[in-house]
Amino acid sequence: MDTETQSDVLVIDDLRKHFGGLEIMRGVDLTIKHGERHALVGPNGAGKSTLFNLISGEHRPSGGHIYLQGQRISGLKPEQISRRGLTRSFQITNVFSRMSAFENIRIGVMARHGIRFNLYRRIRPMRAINEESHALLRQVRLDHRADSLASDLTYSEQRALEIGMTLATGAEVILLDEPTAGMSRDETAYMVELIRQVTEGKTLMMVEHDMSVVFGLCDRISVLVYGRILATGGPEEIRSNQEVQSAYLGEEEEH
Amino acid sequence: MRYALIAILALLALLIIAPPLLGTGWQYALINALIAALFAAAFNLLVGQGGMLSFGHAAYFGVGAFTVIHLMQSVEYGDFPFPTVLLPLAGAAVSLLCGVLAGFFATMRSGVYFALVTLALAELLHSLAPHWDEMFGGEAGLSSMRMPSLGLTFGSTLEVYYLTLAWVVICIGLLYAYTRTPFGRLTLALRDNEQRIRFMGFNAHGTKILVFGISAMFSGVAGSLMAISNETANYSVFSTQVSALVVLHTFVGGSTIFFGPIVGACVLSLFTFVVSGVTHSWMLYQGIIFVLVMLFAPKGIGGVIQAHIEQRHSLPWKRLAAPYALATLAGLMVACATVFVVQSLEIVLSREYAAAVARTGEYAPYTVFGLEWRVFHPLTWLFPLLLLVPGLYMLRRAFARIQTLWDNDESDDDGDIATTPELMEGGR
């Protein structure tokens, strides 16, 4: 067994963020363990997206630290964090719309292999890159759409592509921002199954509103309310937590 | 793919064989067309592939030109031996440097702000150059002479033509190869979604600087070739007109297709060569072409050609022949009417004509299309109307028909048109 410290992949320590006078993160402490599927839930405006933006480097924290595999990543740029093994997807579909599905994935694979400023080789004969891209495309079940433009894919296919691109960078820690938002029940079930498969052996942190997805997919859940973590624990623990019920779950059921 | 290669080789053979049979005027026009083609292709690397619309690319074209003129002067005075054939290398190097430097600042912003920064940088050079004698030769500019190298004297236009052709073909080939490299693919991804490539681990700013620099470098080669051909350069190479012209060439040709801007540049610069020799209104015609292409074929000439090539197997060519012929005829009628009106106005509203009217007190007949017309004769204005109105009507009919055939290309290849309800509706 790993020791406690080794199994902590992502450690967030007293993270604070304010925009002007507006305090969004009011001291978040959170630890994500290696290989777990961790859900971040909370009411609208709780700061879930802001927390994702802080972890992935879109915003700089106003205070506190973030550690990835024991190394500090707070204050780094998104590309530097991505190269250290943490990649995110986006709430709104964020793909390369005028490129084929295959090429969308291949850009991620290029990133994983550190191919960034290569101007002296053709990409067609790069077998490792192309085969890996095809394998990933199969993994997210889009191989039949390899040559379609990303903008021509259906909404749920685009979301699957989004996840494929996140995987392609070879990240060990994957942040998914509402991967099932706007999907029908069938599509959601399909997506949950897909996420379960592709994140096997990796660490997943996801923002999700659909409680059936959260309870079905995730090992641990953190509840974020007004910039603070209200509770962290397994599904049963969270479900039975009085504080959480009054702050969030109860409110959800009324709707 | 094989056909494309054959077509390119055939075109290349024509470009090699034909010029000796042409006069120096045409040779010179072809040199300018080739330079414009390379400039547009280099510009499109930034615009079409990188998604960064620059309004100041004249800066890097001009830097290439002045670099080469300086070097040619050193060679001419015997200060520094440098073979004439390799001059564009120097222009490329200096333009790359300037491009990376300017790109560093310009690419910190995107969209309109990026365009404004590039515009401002070019304007800076344009206003600075006339006052800086040592560097840009003041308002008169700098001149030099092409020195013989590698056994070639470069005394004749034809030799300069072949030098230009060689450089343009090599550079366009390199620009095409660029699109096939990993970085070329990354450039497209950058155009589509800059935020995403950052979160995938790429340095977006660095990528944009390099794309900008490479685009500037090839623009510098085009500028170098211009300097070699003209043996002179002055501050006007930095003007907004030069920057605007390459935008015009690129979009008329179609920025979404690699060969589009090259086609656009060749067509428009040869059009200018022919038409500017005949009429003062050539810029108006160029403007009309630009507006028409943007309105009716936003993907440009290249886009139209590409659509035809892609659909060549599924299009009902036999049934398209008649509406295409009709559209051509109608297009010619409308063009005739437009040209007639423009040329008539150009003559009648000219200062010379006004002076003649003042002198003699009468409106003399004038000549257009080899015929005499009187200003106040109804036939003079009825004639273009008689061409224009039926021409426009026929054009509409022809395009409606073409549209229907394109949209239904696969569904009823062998079917009788009249039996398909949607087709009947469209055909009416």
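Remember, predicted model here, so these are calculated numbers, not experimental data. (Residues numbered from 1 in each chain as written. Chains lettered and ligands numbered in written order. Predicted model: local features only at pLDDT ≥ 70, side-chain atom pairs only at ≥ 80, totals over all residues.)

### Some words on the overall build of chain A
Consideration 1: Within chain A, the regular secondary structure consists of 10 helices and 10 strands.
Consideration 2: Expected size for 255 residues packed as a compact globule is a radius of gyration near 18 Å; at 19 Å, chain A falls within 12% of this value.
Consideration 3: When contacts within chain A are restricted to residue pairs at least 6 apart in sequence, long-range pairs at least 24 apart make up 67% of them. (Helix = DSSP H or I, 4+ residues; strand = E, 2+ residues; numbered from the N terminus. Rg over C-alpha atoms; globule rule 2.2 N^0.38 Å. Contact = placed C-beta atoms within 7 Å.)

### Some thoughts on the nonpolar core
Consideration 1: In terms of nonpolar packing, the biggest core is built from 88 residues, with B:Ala37, B:Leu38, B:Phe39 and B:Ala222 touching the most fellow members.
Consideration 2: When residues of this core are traced back to their parent elements, those giving at least two are α2 (24-49), α3 (58-76), α4 (87-106), α5 (112-128), α7 (157-179), α10 (204-230), α11 (240-253) and α12 (260-276) of chain B.
Consideration 3: When residues in this core are grouped by element, the largest group, 16 residues, is from α2(B).
Consideration 4: If sequence neighbours within four positions are ignored, B:Ala37 has contacts with B:Val168, B:Ile262, B:Ala265 and B:Cys266.
Consideration 5: Counting 73 residues, the second-largest nonpolar core is a separate cluster that includes A:Val95, A:Phe96, A:Ala111 and A:Val244. (Core = buried A, V, L, I, M, F, W, Y, C linked by C-beta atoms within 7 Å. Buried ≥ 20, exposed ≤ 12 C-beta atoms within 10 Å, placed from the backbone.)

### Re the interface of chain B and chain A
Consideration 1: At the interface, 21 residues of chain B touch 30 residues of chain A.
Consideration 2: Here the side of chain B that touches chain A gets 7 residues from one element, more than from any other, and that element is helix α8 (residues 182-192) of chain B.
Consideration 3: Residue composition of the side of chain B that touches chain A, by class: 11 nonpolar, 5 polar and 5 charged. (Nonpolar A, V, L, I, M, F, W, Y, C, P; charged D, E, K, R; others polar.)

### Quick look at the sheet that holds strand β2 (residues 22-33) of chain A
Pairing between sheet strands relies on hydrogen bonds along the backbone, with the strands arranged either parallel or antiparallel.
Residues and elements named next belong to chain A.
Consideration 1: Taken in spatial order, the 4 strands of this open sheet run β2-β1-β4-β5, and their pairing is antiparallel. Edge positions in the sheet fall to β2 and β5 (71-72), since each of these pairs with one other strand and no more.
Consideration 2: Relative to β5, strand β4 (residues 63-68) is paired through 2 bridges, and the arrangement is antiparallel. Note that in β5 the partner of Leu68 across the bridge is Gln71.
Consideration 3: Contacting β1 (8-19), β2 and β4, helix α2 (residues 48-56) crosses the sheet at an angle of about 65° to β2. (Pairing = 2+ DSSP bridges. Axes fitted to C-alpha atoms, helices over the stretch in contact; angles between N-to-C directions.)

### Section: helix α16 (residues 351-360) of chain B
Consideration 1: Counting buried positions over the 10 residues of α16(B) gives 0, only a small fraction of the element.
Consideration 2: Just beyond α16(B), the residue with positive phi is B:Gly361, at close to 80°.

### Regarding the domain arrangement of chain A
A common way to state how big an interface is: give the accessible area lost once the parts meet.
Residue and element names in this part refer to chain A.
Consideration 1: On domain assignment, one finds that chain A holds domain 1 (1-75 + 172-180 + 203-255) and domain 2 (86-170).
Consideration 2: Using C-alpha coordinates to define each centre, domain 1 is positioned 27 Å away from domain 2.
Consideration 3: Facing 11 residues of domain 1, the contacting portion of domain 2 comprises 9 residues.
Consideration 4: Where the side of domain 1 that touches domain 2 is concerned, the elements lending two or more residues are α2 and β7 (173-177).
Consideration 5: Looking at the side of domain 1 that touches domain 2 element by element, the count peaks at 5 residues for β7.
Consideration 6: Its residues placed into classes, the side of domain 1 that touches domain 2 shows 7 nonpolar, 2 polar and 2 charged. (Domains from an automatic or database assignment.)

### Quick word on the pairing of strand β9 (residues 220-225) of chain A
All names here are of chain A.
Consideration 1: With 4 bridges joining them, strand β3 (residues 37-41) and β9 adopt parallel strand pairing. Across the sheet, Ala39 pairs through a bridge with Ile221, a residue of β9.
Consideration 2: Judged from the 5 bridges that link them, β9 and strand β10 (residues 228-233) form a sheet pairing that is antiparallel. The residue of β10 that forms the bridge with Val225 is Arg228.
Consideration 3: The antiparallel hairpin formed by β9 and β10 contains 2 residues in its connecting segment, where Tyr226 sits at a positive phi of about 45°.

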